[in-house]
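# Overview (structure and organization)
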Amino acid sequence: MTTSVGVVGQRSSAIVGRDSELRTMGELLKSARGGRGAAVFLVGEGGIGKSRLAASAADLGFAADMRLLRGRGSAMGPTAPFRSLTEALLSLARLDSPVDVDALGPYRAVLGRLIPDWGPPVTEHDGGSLIILAEAVLRLIGLAGRGNGCLVTLEDLHEADPETLAVVDYLIDNIARQPIVLLGTLRADQSPALEIVESAARRDAAVLIRLDRLDKPDVRRLAAACLGVGKHDVPQDAADLLWAGSAGNPFLVEEILGGMVDGGLLVAHEGRWQVRDTKRATAPHTFVRSVARRVELLDTHTRDLVSAAAVLGQRFPLAVLREVTDLSYRDLLSYLHTDRAAQLIASDDQAPGWYGFQHQLIVEAVLSLLAPADRARLSAQVADAVEAVYPGLPGEWCQVCASLRLNAGETAVAGRLFLEAGRRALNQGAADSAVALLDRAWEWLEDEDGTARADVLETLLYALAEAGQIDRGLSSVIALDQVGAGLDRQRRARLRTRLAWAAHAAGRFTDGIAQVDAARALLGPDASPADFAPIDIVDAYLAVDQPGQEQLRKAEVLARRAATVAETANLHVVACQAWQLLGALVRPRDPVEASACFEHSRAIAVQHELPIWEIHALARLGNDDAMRDGNLDRMRQARQKASSIGAVTARYHADASTSLQLILRGEFDAAEALIDEVLEATTRLGLREAVRYVLMMRIVLAGHRGRSQDLEHALADFRAREGDLVQHAPRVHGLSKAICALLEEDRPRAVAELSLALDFEAANPTIYAYAGRHGVQLLLRILSGAAGWAAYEEIVSDPASQFRWDRQFSTFGRAVLLGRSGQHAKATAAVAEAISVGEPYEMGRHLGLRLAGEAALADGWGTPVEWLRTAEEFFHKADIPAVAGACRALLRGAGARVAQRRSGAEEIPAALRVAGVTVREYEVMQLLVRRLGNREIAEQLHLSTRTVERHISSLLTKTGLPNRKALGELAATVDTSGAG
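Quick notes on the rules
Residues numbered from 1 in each chain as written. Predicted model: local features only at pLDDT ≥ 70, side-chain atom pairs only at ≥ 80, totals over all residues. Heavy atoms only, no water. Pairing = 2+ DSSP bridges. Helix = DSSP H or I, 4+ residues; strand = E, 2+ residues; numbered from the N terminus. Axes fitted to C-alpha atoms, helices over the stretch in contact; angles between N-to-C directions. Buried < 20%, exposed > 50% of the residue type's maximum accessible area, 1.4 Å probe, protein only. Salt bridge = Lys/Arg side-chain N within 4 Å of Asp/Glu carboxyl O. Core = buried A, V, L, I, M, F, W, Y, C linked by side-chain atoms within 4.5 Å. Contact = heavy atoms within 4.5 Å. Left-handed = near helix turned anticlockwise from the far one by under 90°. Nonpolar A, V, L, I, M, F, W, Y, C, P; charged D, E, K, R; others polar. Phe/Tyr/Trp six-rings, centres within 6.5 Å; stacked < 30°, edge-to-face > 60°. Expected span 1.5 Å × (residues − 1).

On to the sheet that holds strand β12 (residues 354–357). Sheet architecture is open: three strands sit in the order β10-β12-β11, paired in antiparallel fashion. At either end of the open sheet lies a strand with only one pairing partner, and these are β10 (315–317) and β11 (345–347). Neighbour-to-neighbour, the strand axes of this sheet turn through a mean angle of 30 degrees, independent of strand direction. Pairing of β11 with β12, which is carried by three bridges, proceeds in the antiparallel orientation. Looking at the pairing, alanine 346 lines up with glycine 356 of β12.

Its location among the elements puts valine 306 in helix α12 (residues 300–312). Judged by its relative accessible area of 1%, valine 306 is buried. Spatially, the C-alpha atom of valine 306 lies 9.9 Å from that of tyrosine 335, the residues being 29 residues apart in sequence.

We now examine the pattern of salt bridges. Summed over all chains, the structure comprises 54 salt bridges. Notably, a salt bridge pairs glutamate 45 with arginine 213, separated by 2.5 Å at the nearest N-O pair. Here glutamate 45, found in the loop between β3 (38–44) and α2 (50–63), pairs with arginine 213, found in the loop between β7 (207–210) and α8 (216–227); they are 168 residues apart in sequence, far enough to count as distant. The partner of glutamate 854 in a salt bridge is arginine 747, with the nearest N and O atoms 2.9 Å apart.

Time to look at the nonpolar core. Within soluble globular proteins, side chains that are nonpolar generally end up buried alongside one another. Core analysis: the largest hydrophobic core is formed by 140 residues, its most contacted members being Phe41 and Leu182. Among the elements that line this core, the one with the most residues is helix α5 (residues 130–144), at 11 residues. When near neighbours in sequence (up to four residues on either side) are disregarded, leucine 182 contacts Ala38, Ala39, Val40, Phe41, Val152, Leu154, Val168, Leu171, Ile172 and Ile175. Ranked by size, the runner-up nonpolar core spans 86 residues in total, among them Leu754, Tyr792, Tyr841 and Leu851.

In contact at an axis separation of 8 Å, helix α42 (residues 842–859) and helix α43 (residues 864–877) are set at 145 degrees when each is read in the N-to-C sense. Our pair here, α42 against α43, has a crossing hand that is left-handed. Contacts between α42 and α43 involve Glu842, Met843, His846, Leu847, Leu849, Arg850, Gly853, Glu854, Ala856 and Leu857 from the first element and Pro864, Trp867, Leu868, Thr870, Ala871, Phe874 and Phe875 from the second. The class makeup of the residues in the contact of α42 with α43 is 11 nonpolar, three polar and three charged.

Moving on to unusual backbone geometry. Phi at asparagine 570 takes a positive value of approximately 60 degrees, unusual for a residue other than glycine. Within the secondary structure, asparagine 570 sits in the loop between α27 (551–568) and α28 (572–586). Of the residues examined, asparagine 570 reaches a relative accessible area of 54% and is grouped as exposed. Its identity as a non-glycine residue notwithstanding, glutamate 609 has a phi of 55 degrees, on the positive side. Mapped onto the elements of the fold, glutamate 609 is located in the loop between α29 (591–607) and α30 (611–629).

Let's shift gears to helix α38 (residues 776–784). Of all nine residues that make up α38, seven are buried, and the element is covered over most of its length. Of all the positions in α38, only Val776, Gln777, Leu778, Leu779, Leu780, Ile782 and Leu783 are classed as buried. Tucked into the core, α38 has its buried residues touching α36 (729–743), α37 (747–763), α39 (789–796), α40 (804–820) and α42. One or two steps after α38, the chain reaches glycine 785, where phi turns positive at roughly 90 degrees.

Moving on, we come to the packing of aromatic side chains. Scanning the model with the defined rule gives 10 aromatic pairs in all. Their ring planes at 80 degrees and their centres at 5.2 Å tell us that tryptophan 805 and phenylalanine 809 sit as a pair that is edge-to-face. Placement of the pair is tryptophan 805 and phenylalanine 809 together in helix α40, with a separation of four residues, close to one helical turn. Considered together, tryptophan 805 and phenylalanine 809 belong to a single accessibility category, that of buried residues. Here the aromatic rings of phenylalanine 874 and phenylalanine 875 are separated by 4.9 Å at their centres, their planes lie at 80 degrees, and the arrangement is edge-to-face. Residue phenylalanine 874 is classed as buried on the basis of its relative accessible area, which comes to 13%.

Helix length check: helix α24 (residues 489–506), at 18 residues, gives a terminal C-alpha distance of 26 Å against a target of 26 Å (1.5 Å per residue), a fit within 8%. The complete set of buried residues in α24 reads Arg491, Ala493, Leu495, Arg496, Thr497, Arg498, Leu499, Ala500, Ala502, Ala503, His504 and Ala506. Glycine 507 sits one or two residues past α24 and shows a positive phi near 75 degrees.

Attention shifts here to the pairing of strand β9 (residues 272–275). Residues Trp273 and Val275 point to one face of β9 and are all buried, whereas Arg272 and Gln274, pointing to the other face, are not buried. For strand β8 (residues 266–269) and β9, the ladder comprises four bridges, and the chain directions are antiparallel. Pairing of histidine 269 across the sheet is with arginine 272, part of β9. The turn joining β8 and β9, which pair antiparallel and follow one another in sequence, is formed by two residues; a positive phi near 55 degrees is taken by glutamate 270.

It is worth spelling out the pairing of strand β5 (residues 150–155) at this point. In terms of burial, β5 is a largely internal element, six of the six residues being buried. What you see with β5 is no split at all: Cys150, Val152 and Leu154 on one side and Leu151, Thr153 and Glu155 on the other are buried throughout. Two strands pair when backbone bridges link them, and strand β4 (residues 67–72) and β5 are joined in this way by six bridges, in the parallel orientation. Considered in β5, the bridge of arginine 67 is made with cysteine 150.

Another aspect to go through is the sheet that holds strand β6 (residues 180–187). Sheet architecture is open: five strands sit in the order β4-β5-β6-β3-β7, paired in parallel fashion. Looking at strand neighbours, the two that pair on one side only are β4 and β7, the edges of this open sheet. Going across the sheet, the axis of each strand differs from the next one's by a mean of 15 degrees, ignoring polarity. The pairing of β3 with β6 spans seven bridges and is classified as parallel. Across the sheet, valine 43 pairs through a bridge with leucine 186, a residue of β6.

Structure follows, in structure tokens:
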């Protein structure tokens, strides 16, 4: 352990009692330079040597020419969002060869949340995707590590904010393929940081090194290193005293040793160290007394400086001390650089103009020497100095000043500062930190009329919604009642409306309606339209998700009223919300008007600088593009914009819509990966509206893969988590179950499911498309003879029939009608048109060919053999055997030659073929021989991790083997014995 005892006047480079830990660090750093990263955490009590071992690791990294980044948890005032990450990344700017952050592409802007120079500022109430930010941090430090690797040291993680810990957790799970060592230090006390680290260690994602106290021989060796003598030159009775006083804690060993020397207990006599009076050394208070002795020995000016610095925390800027003391910088430095002051305080090499105590325990000891009245007085003086040096209290200074005012007994001022700090944390996307700060504001702000607490509550409701603490947000109605008595009706109604929005985001519709009713009652019938507009629009959004034939009509009336009033009353956010909802409501009957509504909403958002609502509008326009033309450009643009400013809700809504389009396009693995990502994030954030949507997408995905068992499991999962499916029933039956039935060649079941879909839609109209009426159902009715030209014209004249997914099937239906009426050339041309319309939708297009091909064979038109061969080829490769088999049967019936299908199957050993192992499952099994993880297998086979998990589960079932290791061993055996 690297040591220093200021009172002895020596620094030792000796490493005592940590040989195995240093070896581990060296091995991890070497591995990182080779491209294999790791996360390692040093855990132990205060003073055990975590920082010193981390410094030794940095020395090793420096010697190997690695990039070194360092940050620490906030030791100055309350927790500051992303503090240690920001400090670490700022280290890059100080390097001789800075990283080219432009190489990060769109992720550079995301990092603007940490480094303002790298991206746009975050505007008020913008959310933040921690997943995106974490990925941006990972890419940046990976870029920094190119060449010789990078060591990122984050100290005092037990003091880190929840957002930093979320990023650390992400880095742990994704660092293995990067040239990075992430080194964290934290105390052994129970904390969120320790839970993350221990969890990572249990799943072998991180190395956890618990630093124990030194044993008696190592305590003696440490003392010898500090004194600059051999181990046996330290008197045994001195070593015994050090052991008794420190219990093997290295920091206490050094401090007690220094106190023993300063106090004349341990003296050098004729070249040898001797103990004079063993009764004077007791533990564990020896350390505090040692610090007290040192403070007493300081001159008056230096003692005042040390006390003021301790009030600020372990680290402090000279500028604040200068303001407190009215001393010049020269005089300040002269006091701080005395021998005795240097025993307690040292300059911060990483931050010019900053100093810090040698250890947090010294800060605590100095503060314990101050009388309560003196500490309160000094806290007020330091707070005044902070406000003078840092006007407006930027960054974490707002929180620091809040804590100082609290320590000074100025609770009301402290409460207002905590409120401002909470607002800033929320704007930065640090919702959890914002909640903690606003809770403190609520605790200390007490005003007669309740106005100040209402300010806190209004911001807190935003923060709780962003942090996913929806239940707590809804329970805030009690707090609202506490502060409401002194507020005017409009303010109380506004708070109720905010609660209603929180309920809407959480899918708690009954609670939302109750808050809407309460807000209307507060305003009374004589309130102005401008007062009602915010309530009307949340009421409209709640109505959309309620069952009943009149709910959509009610929602449209409310939304139109809100839109009209909002624009004249300058309620720009309400106007954006209203026009976007109107677009969704009118889309089924007039897609052109819907797009106009979305464009109008976007124009309002751009004009009034509302980036969140601009992105929501862009996402809805992108969804229109995708439905009308199959074009995903604007959807991707919305996602990128949302990511660039950390607009979490907007980003996940765009992702959810994108997942549906990926399913329709047959990009199943990409859809599955996106659904899993969005579901994990929105579940954590409590965004139940988005959760419901992506759970529905799981059902649709299973249907379009032709996996009825997976479909039923996904359906059961939805019901278990979210309850009824009334609003999504048309899609469950028309877009999922009906398609799945067709892929299983069960046409009667498909017809029945489509009928159910339309029955549900008639009873409970929804804003969602693709129930099947305008596409698949029309084609099936034409094929069965139940629909002719009149029915066809009625359907395609409906504006809602113009969505491209439906048009491919209706065009195939037109081809069948033309062929049946003897217009063969037009029928063939209609198939070519249907193929063109269905170009984005690989599975849907081939399903249309299979269905129309059968009709063409029966009626003698077109080139059905060619169409059926094309469809058979696709469904064979897609592992949808029922449709592939039906195509082959139709081809044989037409007298066409049908090739035997065994692509890859001949490579599967006979025993495994008999067990039902598929080609893809066998490919997965072969990779298990190399002991690859699921993620590595997924990357090699271009699958999603969840798909690999499903294949392994299926293999275990089919082979009867107990685990993946046994599968790998079986695969190795059959590989060497041949595929017989």
